[in-house]
Amino acid sequence: MKKLKINLTTLIIVALLFGLGGLSLLTYIKTREVLNTDLETQISSLTLSSGAEVGLWLLAHKKEMEVMADTPLIENGDQNAIISYLRKETKRNIDYEQFFVMNNLGGFFTDSGQIGNAVDRDYFNKVMATGMSVISDPLISKGTGNQIIVVAAPIIKDNKVVGLIGGNIKLTELIKIVTSKEVGEIGSSFLVQQDGLVITHPDHKLIMTYNPLKDENASPDLKDAIHKMVRGETGFTRYSFQNEDKYLAYVPVPGVKWSMGVTVPVAYVANQLRYLPIYFIVTTIFFGFLLAYFLSHWLVVPLTKLAEFTTELNDNLHERVDIYQLNSPVIEVKTLAANFRKMVAALQESFRDLESSKANLENEIIERSLMQVDLEKSYEELEASEEELRCNYEKLQSKEVALRESERRFRSMLENVELITVIIDKNGNVIFCNDFALSLTGFQKNEVIGKNYFDIFIPNETLKNAKTWFEQILIEKKIVGHNNYPIQTKNGEKRSVNWNNTLLFDLEGNVSGVSSIGEDITVRKQFQKKLEYMSFHDALTGLFNRTYFEEKLRLLEAVCFAPVGMIVCDVDGLKLVNDTLGHTTGDQLLRLTASIIKACFRQEDLLFRIGGDEFAIILPQSELLLVQQACHRIRRAVERHNKENIEFPLSLSVGFAVSELTNVNVSDVFKEADNNMYREKLHRSKSTRSAIVQALMKALEVRDFITEGHADRLQDLVVSLGREIDLSERNLADLRLLAQFHDIGKVGIPDRILFKSGRLNSEEFKEMQRHSEIGHRIAQSAPDLLPIADHILRHHEWWNGKGYPLGLKADAIPLECRILAIADAYDAMTSDRPYRKALSQEEAFRELNKNVGIQFDPQLVPIFIKVIAHQL
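What counts and what doesn't
- Residues numbered from 1 in each chain as written.
- Predicted model: local features only at pLDDT ≥ 70, side-chain atom pairs only at ≥ 80, totals over all residues.
- Heavy atoms only, no water.
- Helix = DSSP H or I, 4+ residues; strand = E, 2+ residues; numbered from the N terminus.
- Buried < 20%, exposed > 50% of the residue type's maximum accessible area, 1.4 Å probe, protein only.
- Contact = heavy atoms within 4.5 Å.
- Areas by Shrake-Rupley, 256 points an atom, 1.4 Å probe, with all protein chains shown as cover.
- 1 Å grid on protein atoms, 1.4 Å probe; cavity = no way out; pocket = protein on both sides within 12 Å on 5 of 7 lines; lining within 4 Å.
- Points joined across faces, edges and corners; volume = space filled by probe spheres on them.
- Pairing = 2+ DSSP bridges.
- Core = buried A, V, L, I, M, F, W, Y, C linked by side-chain atoms within 4.5 Å.
- Axes fitted to C-alpha atoms, helices over the stretch in contact; angles between N-to-C directions.
- Phe/Tyr/Trp six-rings, centres within 6.5 Å; stacked < 30°, edge-to-face > 60°.
- Lys NZ or Arg CZ within 6 Å of the ring centre and 35° of its normal.
- Parallel < 35°, antiparallel > 145°, perpendicular 65-115°, else oblique.
- Left-handed = near helix turned anticlockwise from the far one by under 90°.
- Nonpolar A, V, L, I, M, F, W, Y, C, P; charged D, E, K, R; others polar.

Engineer: I would appreciate a short explanation of the overall build of the chain in the present structure.
Structural biologist: For the chain, the helix and strand inventory stands at 27 helices and 21 strands. Residues classed as buried in the chain amount to 40% of the 872 residues present. Contacts spanning at least 24 positions in sequence make up 56% of the contacts within the chain whose residues lie at least 6 apart. Of the roughly 50,100 Å² of accessible surface on the chain, a fraction of 54% belongs to carbon and sulfur atoms.

Engineer: Would you take a moment to explain the side chain of Ser133 for this structure?
Structural biologist: As for its placement among the helices and strands, Ser133 is situated in the loop between helix H4 (122-130) and strand S4 (134-135). In contact with Ser133, not counting residues within four places along its chain, are Lys62, Glu66, Ala152, Ala153 and Pro154.

Engineer: In this structure, what is going on with unusual backbone geometry? I would like to understand it.
Structural biologist: With the exception of glycine, most residues fall at negative phi, and the peptide bonds are largely trans. Across the junction of Tyr804 and Pro805, the peptide omega takes the value 5°, indicating a cis bond. In the Ramachandran plot, Asn159 falls in the positive-phi region, its phi being about 65° despite a non-glycine side chain. Inspection of the secondary structure puts Asn159 in the loop between strand S6 (147-157) and strand S7 (160-170). Even without glycine at this site, Ala810 takes up a positive phi of about 55°. Ala810 gets classed as partly exposed once you look at its relative accessible area, which sits at 23%.

Engineer: What should I look at first to understand empty space enclosed by the protein in this one?
Structural biologist: Vacant regions in the atomic arrangement are exposed by a probe of water-molecule size rolled over the atoms. Under the definition given, this model contains 4 cavities of 30 Å³ or more. Looking at the largest cavity, its volume works out to about 140 Å³. Forming the walls of the largest cavity are 16 residues, and the residues nearest its centre are Gln98, Phe108, Tyr123, Lys142 and Asn168. Put simply, the parts of the chain that give the lining of the largest cavity at least two residues each are strand S1 (96-103), strand S2 (107-110) and S6.

Engineer: It is not clear to me how the pairing of strand S11 (residues 244-252) should be interpreted in this structure. Could you clarify?
Structural biologist: Relative to S11, strand S10 (residues 235-241) is paired through 7 bridges, and the arrangement is antiparallel. If you follow Phe241 over to S11, its bridge partner there is Glu244. Counted along the chain from S10 to the antiparallel partner S11, the turn is 2 residues long, and its residue Gln242 has a positive phi close to 55°. Between S11 and strand S12 (residues 259-265), which pair antiparallel one after the other, the connecting turn spans 6 residues, and Gly255 there sits at a positive phi close to 90°.

Engineer: For this particular structure, what's the right way to read the nonpolar core?
Structural biologist: One broad trend across soluble globular proteins is that nonpolar side chains are buried collectively. Of all hydrophobic cores here, the largest spans 42 residues; its most connected members are Val718, Ile819, Ile822, Tyr826, Leu848, Phe856 and Phe864. When residues of this core are traced back to their parent elements, those giving at least two are helix H19 (710-724), helix H20 (729-741), helix H21 (751-754), helix H23 (771-781), helix H24 (789-794), helix H25 (815-829), helix H26 (841-850) and helix H27 (860-871). Counting residues per element, this core draws most heavily on H25, at 8 residues. Among the nonpolar cores identified, the runner-up in size contains 35 residues, and Ile83, Ile149, Ile199 and Val253 belong to it.

Engineer: Explain the sheet that holds strand S13 (residues 420-425) here, please?
Structural biologist: The strands making up a sheet associate through hydrogen bonds between their backbones, and the pairing can be parallel or antiparallel. If you walk across this open sheet you meet the 5 strands as S14-S13-S17-S16-S15, and the pairing is antiparallel. This sheet does not close on itself; its edge strands, each paired only once, are strand S14 (430-433) and strand S15 (484-488). Here the average twist between neighbouring strands, direction ignored, is 35°. Sheet analysis places strand S16 (residues 494-505) next to strand S17 (residues 511-520), joined by 9 bridges and oriented antiparallel.

Engineer: How should the packing of aromatic side chains be read in this particular structure?
Structural biologist: Aromatic ring pairs: the centre-centre distance and the angle between the two ring planes describe each pair. Evaluated as defined, the whole model comprises 17 aromatic pairs. Aromatic pair Phe100 and Tyr123: ring centres 6.2 Å apart, planes at 55°, arrangement tilted. Residue Phe100 is found in strand S1, and its partner Tyr123 is found in helix H4; the two are separated by 23 residues along the sequence. A relative accessible area of 4% places Phe100 in the buried class. Here the aromatic cluster, defined as three or more aromatic residues joined through ring pairs, consists of Phe443, Tyr453, Phe454, Phe457 and Phe470. Over the face of the ring belonging to Phe601 we find Arg633, whose NZ or CZ atom lies 5.5 Å from the ring centre.

Engineer: It is not clear to me how the environment of Leu543 should be interpreted in this structure. Could you clarify?
Structural biologist: Structurally, the position occupied by Leu543 is in the loop between helix H13 (522-536) and helix H14 (546-558). For Leu543, a relative accessible area of 6% gives the class buried. Ignoring anything within four residues of it in the chain, the contact list for Leu543 reads Phe536, His537, Asp538, Ala594, Lys598, Leu607, Phe608, Arg609 and Phe615.

Engineer: Looking at this structure, I do not really get the side chain of His771. What am I missing?
Structural biologist: Residue placement: His771 occurs in helix H23. Exposure remark for His771: the relative accessible area of 2% places this residue in the buried category. When residues no more than four places from it in sequence are discounted, the contact partners of His771 are Asp743, Gly745, Lys746, Ile749, His795, His796 and Tyr804.

Engineer: When you look at the packing of H25 against H27 in this model, what are you seeing that I'm missing?
Structural biologist: For any two helices packed against each other, the geometry is given by the interaxial angle and the distance between the axes. Closest axis-to-axis distance for the H25/H27 pair is 11 Å, and the angle between their directions is 50°. For the element pair H25 / H27, the angle class is oblique. Both H25 and H27 take part in a crossing whose hand is right-handed. Across the interface between the two elements, Leu815, Arg818, Ile819, Ile822, Ala823 and Tyr826 of H25 pack against Leu860, Val861, Phe864 and Ile868 of H27. Taken together, the residues that form the contact of H25 with H27 break down as 9 nonpolar, no polar and 1 charged.

Engineer: Where do I start with the pairing of S16 in this structure?
Structural biologist: Remember that side chains alternate between the two faces of the sheet whenever the strand is regular. Note that S15 and S16 share 5 bridges and pair antiparallel. Considered in S16, the bridge of Gln488 is made with Lys494. Hairpin connection from S15 to S16: 5 residues lie between these consecutive antiparallel strands, with Gly492 at a positive phi of about 90°. In sequence, S16 turns back onto S17 through a hairpin of 5 residues, with Gly509 there showing a positive phi of about 90°.

Dropping the structure here:
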């Protein structure tokens, strides 16, 4: 018993130590993983935000330089004035060491008056080649000898790059920005340029001198991290530098080909876990011995006594039960002692039961003898049961008749249900086919029953697979797949069917055939295909829509098709066409644009309508030259269309972009193409709007025969009246324009109203009144007509305030509009109209005088009559 006690106690202590020790080790590992994960998340987040902040700082200086390049003073080229301006900017912006201006041959002068030539600078060649702003890699200033970065923006004159303006930012300013992102006292940040050269670092000795990619002693982990940084990747890694292990998070800096890294020593995590193992060991030992002490006194000692009681039980089976007592504060031990006493009592009772069972066995033998007599009586009862079975057989025959009737009703149901119902035997021959199936396929029953199902109903292209499936289910004795397959009708039409197949078995359990019930889903599948087509196509043009475009972008991101080219086209002036000629004409213009673009590409190329007036073309695995040729085809097609359709020109703004050969970012390619398109749209927007306005004016002349000669006569009338009241030449020029274009808004009025021979009803008159508002919008879109836009809006206002559209009265109506109203009314009255003949001059004068103070200015009417009468 002593040996048992010692072994059990030792076992408990060892198990406890191992359990708590393992728990401690697991806690230590998990804690270290949590700290590493938290550190990686914090450093990555800090690196991402710091890289973005550095990129924004560079972008701000880049935008500031572009604003300076667009200053009229810079474009004029006055060197003294520019130097004075640059000096002021140097004092205002302390980030810059100096500013300079450079011509297209590389000659420059600085804000201090220093001159020189920098044609060999990389930033100069990039700006002159691309016409875009550039931020250079760090270099040595020719003027001051300091380490700098240059921000340069093109100077554009007459749509040509004639030079550039640049600013030198001391590299120390960038170092301040980067080092301000240090990770407290435990980490640091740095920048590398595209060739791996360190351009900022807390250790100033490494700046512009150290390149890990060229250092033979640099660790492979560091070189691998720098390689990823110069490729513009984002990530987190571990490396060794100067005999110290560090963690590194890195991201590309937006806007430049630099990468930013933030490092933290690996020892930072280890230091936080230094005392954790000691704490767990001490705690484990203390609780192990404490628990072993209590277990020994409360559990091991009572169990040892219980083992002694068990040994003594064989010799003392008839003794009193209450001699077996155990003392322990553990409830389970007390319960075990009580149950042990109950077990002893139960054993004593069992021995007494065994003695009484012996007597019971003798009585059972006597009872079995009596059962033999009962069996003989049972034979007699079996004979009676045989008679009862005979009666049941007759009942079964009557039930068989009922079963045949049920089968007849089931067959009738199969014949009339509107589902295809076919039963074929194991040889593939049709043994049943309902009327609905015959009606759908066009066969007669004698053409189907007994014939091979597959030869009649299965199309040739699926016949082999269908027969293979049928042979497989006969062998495996279970239905496998094949729920949807087509059938063909007598005239060769294919119908899609959703089948529910059931195996039929004979009495021996062998497959005897197949019962198939199918639903004709042809119409449903056709509708489904139509829905799928509509979900990925633009309803107006038939091209792919924005949803499919975004899906393709995600696919190109996931699968490498580099280089990826993208073209973005925008219909110029569509809003103006919609506002004036209506959305129906605008839709026709969009369909025309889609057909022109589609004709420039192959059938398999991907064309999209991605916005109201915007189209896109994706060209996977297409280099720059191929994309440029595609843009050239589009422009040539538009030019051919405009030559053949001079009455209404089409104008497209086109932009394109091509990705790099590796590391394709399709979203960036699309953004670049879109920006290039908008840049072209800005250059041509003015000429496009003017061309559309001229086309609208020609369309109005073609549609409205009333305007034939009307504008010319009206110009003479308003100029005569204007000169009589001493208007300036500028006002007279505006009057001429107003006389020519005041009715341009009629181009948006339907022909049924414009050419109606009788008087207009109230609804038609309201529609006609809109022409002044339409003309106002057209004039606002054309720079040449902008000075008279408000006059076009107000040229139907009356002196008494009952005109339209604003209800102005008296002197609130512009003078030019009052002059036009008199001249326009006079010319209308003295010209033939569809609903009346022209009035004489005297009759026209009387009408003008009648409406003085109502429609016309009371002071201008007498002067007008005097001028007209004098001319005659």
